[in-house]
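Okay, here's what each chain looks like letter by letter:
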Amino acid sequence: MGIIIKLKKEEDNFMSRIGIDFGTTNSYCAFYSNEGDGKLINIMKNNQPEPSLFFYKSNTGEIYGSRCKDYIDVFPNNFIKSIKVVLDNEEENVVIDGISFEKMYIVQKYIEHLINDIVNIKLESIYEDAVDEVVLSFPVGFSEKYKSKIKKAVENISIKGTDKFIKVIAMIEEPVAAAIHYFYIMKEKNIETNDNVLVYDLGGGTFDAAIVHKDILGDLTVIDHQGIKNLGGDQWDELLGNHIIKRLEYENLSDDGLNELKKIKQKERDYIKFLHKVEELKMRLSEADESIFVLNCGYSIIIRRTDFEEETKQLIEKTLTVCETLINDNSDYPISQIILCGGSTYMPMIKENLSRVFPTMSINLHYPESAIAFGDILYKENDSVSTILKTNHSYGTRCFIGNSEIEKISNVIYYNEYLPVVKSKNFCTHTATDSVIYTVYEGNIKEGEEDYSEIRSQKLLKQFRFVFNYIVPKETYMDVIYTLDEMGILTLSVHSDNHPDQNFSVKVFEDGI
């Protein structure tokens, strides 16, 4: 997820922006100033990303980011490795060291840490005036419910030393942010570009691919997208780690070496420490054909890049399949450029395999770890850059089919519709009743595919009861209106001509469900 913060000094028309890419494994901050010719500047400590980590222990309190690394090797059960991932399960809270934490609280405090402890310190002279607007960016596969929760968390952040709170003014998709950065670089270099690009985003914990189209007005639209959860640099680390363990099992290790290997295989704390060293080895193999892996006991083995690539080729093949499907399914938008973003795309095998499968396409690697943060900054900086947003899911209501007892989901809003979108549908009571239960289901149904979907293929988001306060007859009709705005806030309204005193409207996502 990317965040852009706008800072301004009215007296000299000075404008600055801070972009934050809130990543699954790491987060990255960048800065733009319109002084002079304008500059994109990296503002990370030691040019390193900030780990998306949360740690808690009763005697240390809450710790966020890089400081967590001082503790997680010793207390592996007291931290959340990928803060953004915990939002993807149904539980509202996580329990650490006997204390229950609301997930959105952790997200809010981590982003607050990025703003106040990294950005604020680095740009202290600019922050003294005003922080007033934020643009959020998200992976295209995230639901409106998820985006709404993040929006609420960010707007609860206060700026250290002020009475100001952040205001979210827009939300865009991460591939669009990456495309904005790419088109900006090409424009700066006076290079003509194709109007359709494939964004290949491989981060620490997730993979996303999207086709982004630029029309004659310069508007950017995500035409289609696919992704794979739990496929990123972490999975490359695990397979490389397994390869090293297998190698060590056939080595003539000393007693100390055997004992260390046993602990790595059996104890979570030792395995986590081991994976940290494996990740460092992976990074070295991105720059060298081979590198040495050293155990704590001093025993070392040589790991070759070719062995690493052989062990992990199944992972790269999964991403290539996604890209091929996207391109084939969207042949009306011919691709000649592939944009790489995400820190894991630094691995040479990524560019090599993309070139092998798509030999006629140009593979572009421009600051992949910061591309989304920079794209967030550039969004709204120039009025000629804008985006066209589409729905990431379909939404519908559970109902009976005709006079039967068969229940299905009646789809109202479909996947890939342009935002904002307002749709309505008529429903009626199945029997005489004094109330009805309305449900909101989420799916991935495109318009024209099916009007009614099986319940098992959809995800229940929310249900609520509409009370008439008196018995109404069977087949009492009501209009249900779905409104999904550009901020991803879904509102459900119910209207009945026969019972106007019972009309109501409810925001499905903004109430923190």
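Up top is the structure these notes are about.
Residues numbered from 1 in each chain as written. Predicted model: local features only at pLDDT ≥ 70, side-chain atom pairs only at ≥ 80, totals over all residues. Heavy atoms only, no water.

### Some details on the pairing of strand 17 (residues 300-304)
Across the two faces of strand 17 the burial differs, with I301 and I303 buried and S300, I302 and R304 not buried at all. The sheet contact formed by strand 16 (residues 290-294) and strand 17 spans five bridges and is antiparallel. Each bridged residue has a counterpart across the sheet, and for S291 the counterpart in strand 17 is I303. (Buried < 20%, exposed > 50% of the residue type's maximum accessible area, 1.4 Å probe, protein only. Helix = DSSP H or I, 4+ residues; strand = E, 2+ residues; numbered from the N terminus. Pairing = 2+ DSSP bridges.)

### What about the environment of N77?
Its place among the elements puts N77 in the loop between strand 7 (61-64) and strand 8 (79-80). Taking C-alpha positions, N77 is 8.2 Å from D97, a pair spaced 20 residues apart along the chain. For N77, the residues in contact, after removing those within four places along its chain, are I96 and E268. (Contact = heavy atoms within 4.5 Å.)

### Quick notes on helix 5 (residues 233-249)
The end-to-end C-alpha distance of helix 5, which contains 17 residues, comes to 25 Å, matching closely the 24 Å that a straight helix rising 1.5 Å per residue would cover. Extensive coverage of helix 5 is indicated by the burial of twelve of its 17 residues. Here helix 5 has its buried residues at G233, D234, Q235, W236, D237, L239, L240, G241, H243, I244, I245 and L248. (Expected span 1.5 Å × (residues − 1).)

### Some remarks on the nonpolar core
Y200, W236, I244 and I350 are the most contacted members of the largest nonpolar core, which totals 44 residues. For this core, the element with the most residues is helix 9 (residues 313-329), which contributes seven residues. Formed by 32 residues, the second largest nonpolar core is a distinct cluster that contains I20, Y64, F101 and V107. (Core = buried A, V, L, I, M, F, W, Y, C linked by side-chain atoms within 4.5 Å.)

### Observations concerning the packing of aromatic side chains
Summed over the entire model, instances satisfying the criterion amount to ten aromatic pairs. Ring centres 6.2 Å apart and planes at 50° place the aromatic pair F55 and F75 in the tilted group. With F55 in strand 6 (residues 54-57) and F75 in the loop between strand 7 and strand 8, this residue pair connects regions lying 20 residues apart in the sequence. Considering the side-chain rings of F274 and F293, the 5.6 Å spacing of their centres and the 80° angle between planes classify their relative orientation as edge-to-face. Taken together, the residues span a long stretch of sequence, with F274 in helix 7 (residues 268-285) and F293 in strand 16 at a distance of 19 residues. We note that F274, like F293, is buried. Linked through ring pairs, F54, Y56, Y64 and F101 together constitute an aromatic cluster. Just above the ring of F183 sits the side chain of K214; from NZ or CZ to the centre is 4.3 Å. The cationic tip of K277 hangs over the ring face of F293; the distance from NZ or CZ to the ring centre is 5.4 Å. (Phe/Tyr/Trp six-rings, centres within 6.5 Å; stacked < 30°, edge-to-face > 60°. Lys NZ or Arg CZ within 6 Å of the ring centre and 35° of its normal.)

### Structural notes on the pairing of strand 27 (residues 477-484)
Of the two faces of strand 27, only one is covered, namely that formed by M478, V480, Y482 and L484; the face formed by Y477, D479, I481 and T483 stays uncovered. Note: strand 23 (residues 421-428) against strand 27, eight bridges, orientation antiparallel. Along strand 27, the bridge assignment pairs K425 with V480. Where strand 27 lies against strand 28 (residues 490-495), six bridges are found, and the strand directions are antiparallel.

### Structural notes on unusual backbone geometry
In this structure, P420 follows L419 across a cis peptide bond, with omega equal to -5°. Here P420 is to be found in the loop between strand 22 (407-413) and strand 23. Unusually for a residue other than glycine, E475 sits at a positive phi of about 65°.

### Digging into a nonpolar patch on the surface
A cluster of nonpolar residues, I292, V294 and I302, forms a patch on the protein surface that exposes about 220 Å² of accessible area. Within the secondary structure, I302 is located in strand 17. Here I302 falls in the partly exposed class, since its relative accessible area comes to 37%. (Patch = residues over 30% accessible without salt bridge, like charges linked within 9 Å, V, L, I, M, F, W, Y side chains within 5 Å. Areas by Shrake-Rupley, 256 points an atom, 1.4 Å probe, with all protein chains shown as cover. Salt bridge = Lys/Arg side-chain N within 4 Å of Asp/Glu carboxyl O.)

### Re the pattern of salt bridges
The final tally for this structure, using the stated rule, is twelve salt bridges. A salt bridge links R356 to E317; its shortest N-O distance comes to 3.1 Å. Residue R356 is located in helix 10 (residues 348-357), and its partner E317 is located in helix 9; the two are separated by 39 residues in the primary sequence. K408 is the partner of E454 in a salt bridge, and the nearest nitrogen-oxygen pair spans 3.3 Å. Of this pair, E454 sits in the loop between strand 25 (452-453) and strand 26 (459-472) while K408 sits in strand 22, and the two are 46 residues apart along the sequence.

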